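# Commentary on secondary and tertiary structure
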Amino acid sequence: MTTHKVALIGGDGIGPEVVAEALKVVAAAGVDLDTTSYDLGADRYLRTGEVLPDTVLEELRGFDAILLGAIGPPVGSTDVPPGTLERGLLLRLRFALDLYVNLRPFTGVPGALAPDCDFVVVRENTEGTYAGEGGFLRKGTAHEVATQGSVNTRHGVERCVRFAFRLASGRPRRQLTLVHKTNVLTFAGDLWQRTVDEVAPEHPEVARDYNHVDAACIYLVEQASRYDVVVTDNLFGDILTDLAGAVAGGIGYAASANLNPDRTGPSMFEPVHGAAHDIAGTGRANPAAAIRSAALMLDHLGETSAADRVTKAVLGFVASAPDHSLSTSAIGDAIAERL
Ligand code: IPM
Ligand code: MN
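What you see is a predicted model, and the numbers here were worked out from it, not measured in a lab.

Looking now at the overall build of the protein. In terms of helices and strands, the protein carries eleven helices and twelve strands. Considered along the principal axes of its C-alpha atoms, the protein spans approximately 50 × 50 × 40 Å. Counting over 339 residues, the protein shows a buried share of 51%. Sequence separation of at least 24 residues holds for 74% of the intrachain contacts in the protein that already meet a minimum separation of 6. Each charge class in the protein can be summarised by its mean position, and for the 29 positive and 43 negative side chains these summaries are 3 Å apart.

Rendered as structure tokens:
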């Protein structure tokens, strides 16, 4: 049996609680992890002023994977300037480890707006408006200018699009939808559309579609089951996946994998939800998203049968119309028992 070296970043608020349940389920699936915990997040920043020391980043490169809970100060707190942890920790990890695909699967749960949906969003994870291009001119004056450009490289778009085609090709429906705003973003959108058109002949088995991002919002609410694989840029992907989480049953079920598909370093797995300080320590956090994220990690580590079993256990538990008063650890136990 292989032991996988996994770095744990529990983070803030409910982060450590949901990571604990994910580890419980991974152990129940019979996969052996050699874990090392890293104290990173708002708490550490407030204590020491450190966000992600270079030495820690270098150490993280040596792991097989990173499992992250949630990062962020309480909503409304002014102790941590906006962007400090987002740019300094989460985006720094995504960029430095070249985690260029943010994979976010959505499976409708009973009672959701879209109970029958089953699709995956492939969000480009290193470019777009997130890249950090731009700045201020004449800051603080009446003529202040702020720009924040969207960076789209052929290399970055193409590797993401190729990943999405390969993913679609391996799924039963074999359907890929590019979501963008080509009618207005005529430079970036053109590059994305041309890239999809040029890669498509390598995958004649995949049916292609295109939706403008505003229309995609309507479709997600009215008929999310139409989607199989969606590929989109970083910011559209950020927004669409919150909407997708809401229509599929709630952000408490939304998992994500920040993947380095070329395997030049570890990939990072995290629930889409935040630190939810308001319910931290109350046992009311839903660990389902963290557990499903751990299943994505197992799949990436080559533990495909354990990954399948964990995903099925999460989805089976959720479909069993569980008692909504179950505590965080009771949900972890119930999912582990299904393995
Ligand atoms: C997400 C989050 C992050 C993002 C933030 C916290 C930087 O919203 O993972 O979707 O915008 O990517
Ligand atoms: Mn987001």
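Around ligand 1, the surrounding shell consists of E86, L90, R94, R104, R123, Y130 and D238. Here R104 contributes a side-chain N or O atom positioned 2.8 Å from an oxygen atom of ligand 1. Between ligand 1 and Y130 there is a distance of 2.6 Å, counted from an oxygen atom to a side-chain nitrogen or oxygen. Contact with the protein chains covers 77% of the free accessible surface of ligand 1, which is 320 Å².

In this section: the nonpolar core. Counting residues in hydrophobic clusters, the biggest one holds 62 residues, and the most contacted among them are L67 and V122. Top element by residues in this core is helix 9 (residues 288-300). It accounts for eight residues. Beyond its immediate chain neighbours, meaning those up to four positions away, L67 contacts V6, A7, L8, I9, V19, A22, L23, F269, A294 and M297. With 23 residues, the next largest nonpolar core counts V56, F63, L93 and M268 among its residues.

Let's shift gears to the pairing of strand 2 (residues 32-37). If a strand is regular, its side chains alternate between the two faces of the sheet. Pairing between strand 1 (residues 3-11) and strand 2: six bridges, direction parallel. By the bridge assignment, L8 is partnered in strand 2 with S37. Assessed by its sense of winding, the connection that carries the chain from strand 1 through helix 1 (residues 15-28) to strand 2 is right-handed.

Take the packing of aromatic side chains next. Under the counting rule described, the total for this entry stands at three aromatic pairs. With a centroid separation of 6.0 Å and 55 degrees between ring planes, the pair formed by F119 and Y227 is classed as tilted. Of this pair, F119 sits in strand 5 (residues 118-124) while Y227 sits in the loop between helix 7 (213-223) and strand 10 (229-232), placing them 108 residues apart in sequence. Residue F119 is classed as buried on the basis of its relative accessible area, which comes to 1%. Grouping aromatic residues by their ring pairs yields a cluster made of F106, F119 and Y227. Of note, K5 hangs over the ring of F63, and the distance from its end group to the ring centre comes to 4.9 Å. Its guanidinium or amino end placed over the ring of Y227, R226 lies 5.9 Å from that ring's centre, counting from NZ or CZ.

By the definition in use, this model includes 17 salt bridges. Here R92 and D54 are joined by a salt bridge, their closest N and O atoms 2.6 Å apart. A residue pair is termed long-range when its members are at least 10 positions apart, and R92 in helix 4 (residues 84-96) and D54 in helix 3 (residues 54-60) qualify at 38 residues. R92 gets classed as partly exposed once you look at its relative accessible area, which sits at 28%. Given a relative accessible area of 53%, D54 falls into the exposed group. The salt bridge involving R159 is made with D98; its shortest N-O contact spans 2.8 Å. Here D98 lies in the loop between helix 4 and strand 4 (101-107) and R159 lies in helix 5 (residues 154-169), a separation of 61 residues in the sequence. On the basis of relative accessible area, R159 is assigned to the buried category, the value being 14%. Here the salt bridges do not stand alone but share partners, grouping R154, E158, R162, E198 and E202 into one network.

For the α-helix, the turn length of 3.6 residues means that residues three or four positions removed from each other point alike. With 16 residues, helix 5 ought to run about 22 Å at 1.5 Å a step, and its terminal C-alpha atoms sit 22 Å apart, in line with that. Listed as buried for helix 5 are G156, V157, E158, R159, C160, V161, F163, A164, F165, A168 and S169.

With that settled, consider the environment of V6. Among the structural elements, V6 can be located in strand 1. You can call V6 buried: its relative accessible area is 0%. For the pair V6 and A65, spaced 59 residues apart in the sequence, the C-alpha separation amounts to 5.0 Å. Setting aside anything within four residues of it in sequence, one finds V6 in contact with L33, D34, T35, T36, F63, A65, L67, M297 and L301.

Summed over all chains, the structure comprises zero disulfides. Cysteine C117 shares no disulfide, and the gap to the nearest cysteine sulfur, in C217, comes to 15 Å. Taking the relative accessible area as the measure of exposure, C117 reaches 2% and is therefore buried.

Spatial strand order, 2-1-3-12-11-4-5-10-8-9: ten strands in an open sheet with mixed pairing. Strands with a single pairing partner mark the edges of an open sheet, and in this sheet they are strand 2 and strand 9 (207-212). Between one strand and the next, the sheet's axes are offset by a mean angle of 25 degrees, whatever the strand orientation. Pairing geometry for strand 4 and strand 11 (residues 255-259), over three bridges, is antiparallel. Note on strand 11: the bridge partner recorded for L103 is A257. Together, strand 4, strand 5, strand 8 (175-180) and strand 10 form the strand contacts of helix 8 (residues 234-248), whose direction differs from that of strand 4 by roughly 20 degrees.

Parameters and conventions
Residues numbered from 1 in each chain as written. Chains lettered and ligands numbered in written order. Predicted model: local features only at pLDDT ≥ 70, side-chain atom pairs only at ≥ 80, totals over all residues. Heavy atoms only, no water. Helix = DSSP H or I, 4+ residues; strand = E, 2+ residues; numbered from the N terminus. Buried < 20%, exposed > 50% of the residue type's maximum accessible area, 1.4 Å probe, protein only. Contact = heavy atoms within 4.5 Å. Lys, Arg positive; Asp, Glu negative; His and termini not counted. Charge placed at Lys NZ, Arg CZ, Asp CG, Glu CD. Near = heavy atom within 4 Å. Polar contact = N/O pair within 3.5 Å; in protein donor to acceptor, adjacent residues only side chain to side chain. Areas by Shrake-Rupley, 256 points an atom, 1.4 Å probe, with all protein chains shown as cover. Core = buried A, V, L, I, M, F, W, Y, C linked by side-chain atoms within 4.5 Å. Pairing = 2+ DSSP bridges. Right-handed = clockwise from strand over helix to strand, strands pointing away. Phe/Tyr/Trp six-rings, centres within 6.5 Å; stacked < 30°, edge-to-face > 60°. Lys NZ or Arg CZ within 6 Å of the ring centre and 35° of its normal. Salt bridge = Lys/Arg side-chain N within 4 Å of Asp/Glu carboxyl O. Expected span 1.5 Å × (residues − 1). Disulfide = S-S within 2.5 Å. Axes fitted to C-alpha atoms, helices over the stretch in contact; angles between N-to-C directions.

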